[in-house]
Amino acid sequence: MNYSFSYEDRISEINNDLAQYNQLKQLSSMEFEIVSIPESLINTVENALVVAIYSLSEQLLKNRIYTILDVEFEEENQTHKDKYVLKQMDPDSHPV
């Protein structure tokens, strides 16, 4: 099993999404005759940001638990403990 998690990559993605959200909010406050941005779109983007931040916190916790328990991800090197932890907290569940 190949497991990799990069906090820097995830936080960069979230910061990028946040910048795009802020641009969308600015555009929505301007008066355009051709295009209007529905409030439901802004709410959807807000909800997506909340989910992304929650997922990051969940992944940080999971990653910390793997580190504390010194979990081995290569199948040929796994102990019973590693297999049990990975069965209970599969890295592929709730992917980021």
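The rules behind each value
Note that residues are indexed from 1 along each chain, following the sequence as it is written. Two thresholds apply to this predicted model, a pLDDT of at least 70 for residue-level local features and 80 or more for giving and counting side-chain atom pairs, whereas whole-chain, interface and lining totals are computed over all residues. Calculation of side-chain values draws on the structure's entire complement of heavy atoms; hydrogens and water are dropped beforehand. Helix and strand definitions follow DSSP, with helices as H or I runs of at least four residues and strands as E runs of at least two, each counted in order from the N terminus. Each radius of gyration reported is based on C-alpha atoms, and the globular scaling rule is 2.2 Å times the count of residues to the power 0.38. Under the scheme applied here, a residue whose accessible area is under 20% of the maximum for its type counts as buried, over 50% as exposed, and between as partly exposed, the area being computed with a 1.4 Å probe on protein chains only. Any two residues whose heavy atoms approach within 4.5 Å are treated as being in contact. In these tables, accessible area is a Shrake-Rupley quantity obtained with a 1.4 Å probe, and a residue counts as shielded only by the protein chains included in the view. Put simply, two rings from Phe, Tyr or Trp (the six-membered ring, in Trp's case) pair if the centres are within 6.5 Å, and we call them stacked under 30 degrees between planes, edge-to-face over 60, tilted for the rest. Each C-beta atom gives one direction from the helix axis, and the arc is the one those directions make. To define a nonpolar core, start from buried Ala, Val, Leu, Ile, Met, Phe, Trp, Tyr and Cys residues and group those joined through side-chain atoms within 4.5 Å.

Caption draft 1: Focus on the overall build of the chain. Regarding its fold elements, the chain presents three helices and zero strands. Counting helices and strands in the order they occur from the N terminus, the chain gives α-α-α. Against the globule reference of 12 Å for 96 residues, the chain gives a C-alpha radius of gyration of 19 Å, more extended than a compact globule. Each of the 96 residues in the chain was classed as buried or not, and the buried ones make up 22%. Long-range contacts, defined here as pairs at least 24 residues apart, represent 59% of the contacts in the chain between residues at least 6 apart. Total accessible area computed for the chain in this model is approximately 7300 Å², and 53% of it derives from carbon and sulfur atoms.

Caption draft 2: Here's a closer look at the side chain of D82. You can see D82 is positioned in helix α3 (residues 80–88). Filtering out sequence-adjacent residues up to four positions away, D82 remains in contact with D70, V71, E72 and N77.

Caption draft 3: Representation of the packing of aromatic side chains within the structure. Within the structure shown, the criterion is met by one aromatic pair. Seen in terms of ring centroids, Y66 and F73 are 5.1 Å apart; in terms of plane orientation they differ by 85°. Their pairing is edge-to-face. Judged on exposure class, the residue Y66 and its partner F73 are both buried.

Caption draft 4: Here's a closer look at α3. Turning to α3, its buried residues number three or more, namely D82, V85 and L86. Seen end-on, α3 carries its buried residues on one side only, within an arc spanning 95°. Of the residues in α3, the exposed ones pointing more than 90 degrees away from the buried face are H80, Y84, K87 and Q88. For α3, the elements touching its buried residues are α2 (39–68).

Caption draft 5: Structural context of the nonpolar core. Y3, F5, I14, A52, L56, Y66, V71, F73, V85 and L86 form the largest nonpolar core, which has ten residues in total. Listed by contribution, the elements that provide at least two residues to this core are α2 and α3. Sorting elements by how many residues they give to this core places α2 first, with three residues. Each residue touching V71, except ones within four places of it in the same chain, is listed here: Y66, K81, D82, V85 and L86.

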